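# A structural walkthrough
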Amino acid sequence: MQYLTLTRTVPVVADYDVVVCGGGPSGFIAAIAAARLGARTALVERLGFLGGMATASLVAPISVFNYNGRRVIDGIPWEFIERLIDVGGAREEKPLGNITFSPEKYKLVAQRMVLEAGVSLYFHSHLTGCKKEGNRLTHIYIDNKNGTEAIAAGYFIDCTGDADLSHQAGVPMQPVKSELQPATLIFMLGGVDTGMLPKIRHSDQGVNYHDLDMKRIFEAVGQKQKLPLYGGPWYCGVLDEGLVLLNITRTYANMADNRQASQTECLLREDVFTFVELLRTHVPAFRNAFLVMTAPQAGTRETRRIQGVHTLTGDEYLEATDFPDAVSRGCHPVDIHSAESTNQVCKFLKDAAFVPYRCLIAPGYPNLIVGGRAFSADGISSASVRVQASVMGLGQAAGVAAGLCVPSGADVSGVDIGQLRAVLTNWGANLEK
Ligand SMILES: Cc1cc2nc3c(=O)[nH]c(=O)nc-3n(C[C@H](O)[C@H](O)[C@H](O)COP(=O)(O)OP(=O)(O)OC[C@H]3O[C@@H](n4cnc5c(N)ncnc54)[C@H](O)[C@@H]3O)c2cc1C
């Protein structure tokens, strides 16, 4: 491959205490947390709205806040859900605390909470790189309609999902597995007779909510015609009558690679049309259904994860191992989808698990914290923690840690763990077994 050297002078447009990259479930919560501790905080998001996979990929429901009916993820994440419920934008399914929501109201409430906290928002701004002194980040580079701009900060939180900032900063990543979990393009149908759908809610401990009747129909059709790869099928309402989100399509892709992501979007869009016809023709509840939209982007389950000070293993997770520096919890089953078949491995937890702070920081990187699904974990524990309630918990912990470091300028590895856990607990996080 030929390489060109690009030399540019770019304006440093602002200087913050904390910059959060990525405005998904982990990122917008991280930004609120840091700002509420008094840090001058910015949030950089490549799209024009918040919510990440929840709103850009129409991933629903938000899973899960409770274990056996007890809330284990709390604080700002649950405050967000309450605000969403208040505007008629969410409904809690008990006992697991799965949240059915309106994607549009999600965007609205998330942006309100971020702005109320005093966070500066940089929408339509793609993080493209960073400047370092040693391993200390001094600036990030963003590309938007203004051109390339630099933003300075004391601390940086990577909530891009794909660990884009950590990757740019040279943080070592977890070894690449031969098979990443598949990408999925979720689509919304209208005109669905939801009364005929048996599994429109998702909240029983130890139950996998794919629709077995629908799966049998798919298998029968698959005997007669070649179907694209599919999973589930899973579906979820969006609170409006007749509207349903379908999680069916799947294909292998490394969505952190632009060429693969581009091909995947095209392939899965074709597949959506195949499945819409299949549903209309063969599944009575969908007889009069019509395609409202495909998600703005295909959903990504798994890409890069950092090699942190500690890597959370499946054994630690499944044993609900407690850690002195536990800062968040996870209570969703370990949920591993095959990228080459309809298979799904689902392991149910025997208790709500713990995530230690050391999984959010990389050795030798003094001012970088990772929130969200790019945290340091193996393929098993991450297959549970990656869901939205738990990544919100990680975002909250990352934001508090950064906010606490600001006054003293401490390295992120030197944060006072007692103080970090005390703030999280005061805010409602449940860190006790
Ligand atoms: C098909 C599928 C089904 C799922 N099912 C469920 C489910 O039922 N329940 C559940 O709770 N979870 C589910 N998940 C998982 C969940 O949606 C994600 O793991 C979760 O959203 C991860 O949150 P995050 O904040 O880490 O990253 P993301 O949600 O990916 O957010 C990252 C944000 O960063 C932004 N960003 C990325 N790169 C850049 C950049 N370079 N510059 C600027 N901004 C950037 C993105 O636009 C995005 O807003 C599912 C995921 C998929 C794909």
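The structure presented is a predicted model; accordingly, all values stated were derived computationally and were not measured.

Okay, the overall build of the protein chain next. Of regular secondary structure, the protein chain possesses 11 helices and 19 strands. For the C-alpha atoms alone, the extent of the protein chain along its principal axes is close to 65 × 55 × 40 Å. When contacts within the protein chain are restricted to residue pairs at least 6 apart in sequence, those whose partners lie at least 24 apart make up 74%. In the form shown here, the protein chain has an accessible surface area of approximately 17,100 Å², with 50% of it arising from carbon and sulfur atoms. A distance of 2 Å separates the average location of the 39 positive side-chain charges in the protein chain from that of its 43 negative side-chain charges.

For the protein chain, the domain assignment lists domain 1 (13-178 + 302-336 + 343-426) and domain 2 (187-294). Every contact between the two is made by 26 residues of domain 1 and, on the other side, 22 residues of domain 2. Interface area for domain 1 against domain 2, summed over the two sides, is near 1,800 Å², with a carbon-plus-sulfur share of 58%. Taken together, domain 1 and domain 2 are joined by 0 salt bridges. For the interface between domain 1 and domain 2, the tally reads 1 residue pair in polar contact (both at pLDDT 80 or more). For the side of domain 1 that touches domain 2, the secondary structure elements donating two or more residues are strand 5 (90-93), strand 6 (98-101) and strand 17 (344-347). Partitioning the side of domain 1 that touches domain 2 into residue classes produces 11 nonpolar, 11 polar and 4 charged.

Glancing now at the site of the ligand. Close to the ligand lie 33 residues, the nearest being S26, E45, P61, S63 and R386. In the model, an oxygen atom of the ligand is placed 3.5 Å from a nitrogen or oxygen of the P25 main chain. Interatomic distance of 2.6 Å between a side-chain N/O atom of E45 and an oxygen atom of the ligand. The protein chains hide 95% of the 1,000 Å² of surface that the ligand would expose on its own. For the shell around the ligand, the elements supplying multiple residues, two or more each, are helix 1 (25-36), strand 8 (126-133) and helix 10 (388-405).

Let us look at a nonpolar patch on the surface. A contiguous nonpolar surface patch, about 250 Å² in accessible area, is contributed by F290, V292 and M293. Within the secondary structure, V292 sits in strand 14 (residues 290-294).

Among all positions in helix 3 (residues 76-86), only I76, P77, W78, F80, I81 and L84 are buried. Residues of helix 3 that are buried in the fold lie against helix 1, strand 4 (70-71), strand 5, strand 6, helix 4 (103-116) and helix 10. Positive backbone phi, at 75°, marks G88, one or two positions downstream of helix 3.

A few words now on the sheet that holds strand 14. In spatial order, the strands read 12-13-11-14; together these 4 strands make up an open sheet with antiparallel pairing. The two strands at the open ends of the sheet, each matched to only one other strand, are strand 12 (230-237) and strand 14. Mean inter-strand twist for the sheet, computed between neighbouring axes without regard to direction, equals 30°. In terms of strand pairing, strand 11 (residues 187-190) meets strand 14 through 4 bridges, oriented antiparallel. Bridge pairing in strand 14 places G190 opposite F290. The sheet strands contacting helix 6 (residues 212-224) are strand 12 and strand 13 (244-249), and the helix crosses strand 12 at an angle near 140°.

Moving on: the packing of helix 3 against helix 10. Direction vectors running N to C along helix 3 and helix 10 enclose 125°, while the axes themselves pass 8 Å from each other. Between helix 3 and helix 10, the crossing angle belongs to the class labelled oblique. The segment helix 3 lies against helix 10, with I76, P77 and F80 engaging M392, G393 and Q396. Among the residues forming the contact of helix 3 with helix 10, the class breakdown is 4 nonpolar, 2 polar and no charged.

This brings us to unusual backbone geometry. Glycine aside, residues mostly have negative phi, and peptide bonds are mostly found in the trans state. In this structure, P95 follows K94 across a cis peptide bond, with omega equal to 10°. Turning to its location among the elements, P95 is positioned in the loop between strand 5 and strand 6. Following G232, the chain continues to P233 via a peptide bond in cis, the omega torsion being -5°. Tracing the backbone shows P233 in strand 12. Positive phi, normally seen in glycine, also occurs at N68, with a value near 50°. Along the chain, N68 falls in the loop between strand 3 (66-67) and strand 4. Classification of N68 as exposed rests on a relative accessible area of 54%. Even without being glycine, H124 reaches a positive phi, approximately 50°. Its place among the elements puts H124 in the loop between strand 7 (120-122) and strand 8.

A side chain with one charge may pair with a side chain of the opposite charge, provided their charged atoms come close. Scanning the entire structure with this criterion turns up 15 salt bridges. Among the ionic pairs, R71 bridges to D74, the shortest N-O distance being 3.6 Å. Accessibility expressed as a relative area gives 27% for R71, which makes it partly exposed. Measuring nitrogen to oxygen at the nearest pair gives 3.1 Å for the salt bridge that ties D411 to R136. Highlighted residues: D411 in the loop between helix 10 and helix 11 (417-426) and R136 in strand 9 (residues 136-144), separated in sequence by 275 residues. In this structure D411 comes out as partly exposed when scored by relative accessible area, which is 34%. For R136, a relative accessible area of 30% puts it in the partly exposed group.

Definitions and limits used
- Residues numbered from 1 in each chain as written.
- Predicted model: local features only at pLDDT ≥ 70, side-chain atom pairs only at ≥ 80, totals over all residues.
- Heavy atoms only, no water.
- Helix = DSSP H or I, 4+ residues; strand = E, 2+ residues; numbered from the N terminus.
- Contact = heavy atoms within 4.5 Å.
- Areas by Shrake-Rupley, 256 points an atom, 1.4 Å probe, with all protein chains shown as cover.
- Lys, Arg positive; Asp, Glu negative; His and termini not counted.
- Charge placed at Lys NZ, Arg CZ, Asp CG, Glu CD.
- Domains from an automatic or database assignment.
- Buried area = accessible area lost by both parts, 1.4 Å probe.
- Salt bridge = Lys/Arg side-chain N within 4 Å of Asp/Glu carboxyl O.
- Polar contact = N/O pair within 3.5 Å; in protein donor to acceptor, adjacent residues only side chain to side chain.
- Nonpolar A, V, L, I, M, F, W, Y, C, P; charged D, E, K, R; others polar.
- Near = heavy atom within 4 Å.
- Patch = residues over 30% accessible without salt bridge, like charges linked within 9 Å, V, L, I, M, F, W, Y side chains within 5 Å.
- Buried < 20%, exposed > 50% of the residue type's maximum accessible area, 1.4 Å probe, protein only.
- Pairing = 2+ DSSP bridges.
- Axes fitted to C-alpha atoms, helices over the stretch in contact; angles between N-to-C directions.
- Parallel < 35°, antiparallel > 145°, perpendicular 65-115°, else oblique.

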